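Residues per chain, in single letters:
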Amino acid sequence: MDSRTLVGHQLRRCHQVHNALWVDAVGGLLTSPQYSVLFTVAAAEGPLDQLSVGRAAGLDRTTVAGVIRRLEEQGWLRRERDPADARRHVVTLPVPAAVALEGLAPAVRAVQERLMAPLAAVDRLWLGRRLVDLSGHHDAAGTAGDASPHEGRQMEEDLRPGHLIRLAQQRHTVLWADELGGIITGPQFAVLLVLATSGPTGQGAVAGLAALDRSSASDVLRRLETRGWTERRPDPDDRRSRLVFLTVVGRALVDELWPAVERVQERILEPVSAPERGRVVEVLAAVGSPRPAALAPRHGGQ
């Protein structure tokens, strides 16, 4: 058992790197999901309603509703009644917002370049195609009633690797819920697996090894401890610090759930040919490799 062999773990780490690079390059002006919504509206050949925007940007209904509301409050978007159908509201981009969005394009391209910097050009192209497979991006851009033709063309154009990584991570979350929903979340299992393979570990180190930010790791550890799967004890080498231990029950749970975790791995990799599946994990690991200098944020949190 090794979290580094799991696609979900590597996608989460790549997403973590992308978020840090985004904050560094774009700052607090727009989050990556907000940019995806604006990009979707700007690239569409016709007006889109809120549901269509969410589908094309890879956001669920609740998330896209919140994103659009915030963007509307900030003047980035406008919702208007569709002149062709009074029951429908469409989302449009005001001219000043379109100009501002275009001005952000160089910073967004820089994020994608820095994200892919560890890879040779041929590997970047290869990973982009595999991310389309992992994310189901081509399915969402298809016909058959899932998306309109202009939505499909828009999605085909929106091949930013950071965006595709987020879509692939969302698909992994759906598959995880299908196999393990109601038992444990992916981040929670990641922490248990870290402790199962590394032994007692400090909370900060657990966060890093599980590809979680410290705030998320603290919440996950609290929930795991409440369920009796982990416990914290004083560090024998430093009584001021505490180590996180995996309980006997927690270890038994990891062993019991591992077959289901492997099924999630198999299902998300199913669109990729068998000889290429190992390489997917290796290339994602290179993208998600620690880059402290590149990741030091200079513009605050996201």
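Criteria and cut-off values
Residues numbered from 1 in each chain as written. Predicted model: local features only at pLDDT ≥ 70, side-chain atom pairs only at ≥ 80, totals over all residues. Heavy atoms only, no water. Helix = DSSP H or I, 4+ residues; strand = E, 2+ residues; numbered from the N terminus. Contact = heavy atoms within 4.5 Å. Areas by Shrake-Rupley, 256 points an atom, 1.4 Å probe, with all protein chains shown as cover. Pairing = 2+ DSSP bridges. Buried < 20%, exposed > 50% of the residue type's maximum accessible area, 1.4 Å probe, protein only. Polar contact = N/O pair within 3.5 Å; in protein donor to acceptor, adjacent residues only side chain to side chain. 1 Å grid on protein atoms, 1.4 Å probe; cavity = no way out; pocket = protein on both sides within 12 Å on 5 of 7 lines; lining within 4 Å. Points joined across faces, edges and corners; volume = space filled by probe spheres on them. Nonpolar A, V, L, I, M, F, W, Y, C, P; charged D, E, K, R; others polar. Axes fitted to C-alpha atoms, helices over the stretch in contact; angles between N-to-C directions.

K.L.:
Please provide a residue-by-residue account of the overall build of the chain, values included.
P.N.:
When helices and strands are counted, the chain shows 15 helices and 6 strands. Long-range contacts, defined as pairs at least 24 residues apart, comprise 70% of the intrachain contacts of the chain with a sequence gap of at least 6. Summed over its atoms, the accessible surface of the chain is roughly 14600 Å², and 54% of this surface lies on carbon and sulfur atoms.

K.L.:
Please give an account of the pairing of strand β6 (residues 238-246) that cites residues and values.
P.N.:
Two strands pair when backbone bridges link them, and strand β4 (residues 201-202) and β6 are joined in this way by 2 bridges, in the antiparallel orientation. Within β6, the residue paired with Thr-201 across the bridge is Val-244. Here strand β5 (residues 230-235) folds back onto β6 in antiparallel fashion, the turn holding 2 residues.

K.L.:
Go over the sheet that holds strand β1 (residues 48-49), please, and point to the residues and values.
P.N.:
Hydrogen bonding along the main chain pairs the strands of a sheet, whether they run parallel or antiparallel. One open sheet holds the 3 strands; their spatial order is β1-β3-β2, and the pairing between them is antiparallel. Of all strands in the sheet, those bounded by a partner on one side alone are β1 and β2 (78-82).

K.L.:
Describe the side chain of Asp-24, listing the residues and the values that go with them.
P.N.:
Positionally, Asp-24 belongs in helix α1 (residues 7-26). Asp-24 gets classed as buried once you look at its relative accessible area, which sits at 4%. Within the structure, the side chain of Asp-24 is placed 2.7 Å from the side chain of Arg-114, a separation counted as a polar contact.

K.L.:
So, the layout of surface pockets: which residues are in play, and what are the values?
P.N.:
By volume, the largest pocket is sized at about 700 Å³. Lining the largest pocket are 30 residues, with Arg-12, His-15, Gln-169, Ala-211 and Leu-212 sitting closest to its centre. Contributions of two or more residues to the lining of the largest pocket are made by α1, α9 (161-180), α10 (186-198), α11 (203-209) and α15 (292-295). Looking at the lining of the largest pocket residue by residue, the class counts come to 12 nonpolar, 13 polar and 5 charged.

K.L.:
Account for the sheet that holds β6, with residues named and values stated.
P.N.:
Across the sheet, which stays open at both edges, the 3 strands sit in the order β4-β6-β5 with antiparallel pairing between neighbours. Taken across any chain shown, the strands that pair with only one partner, and hence form the sheet edges, are β4 and β5. Packed onto the sheet, helix α12 (residues 214-226) meets β5 and β6 and runs at close to 110 degrees relative to β5.

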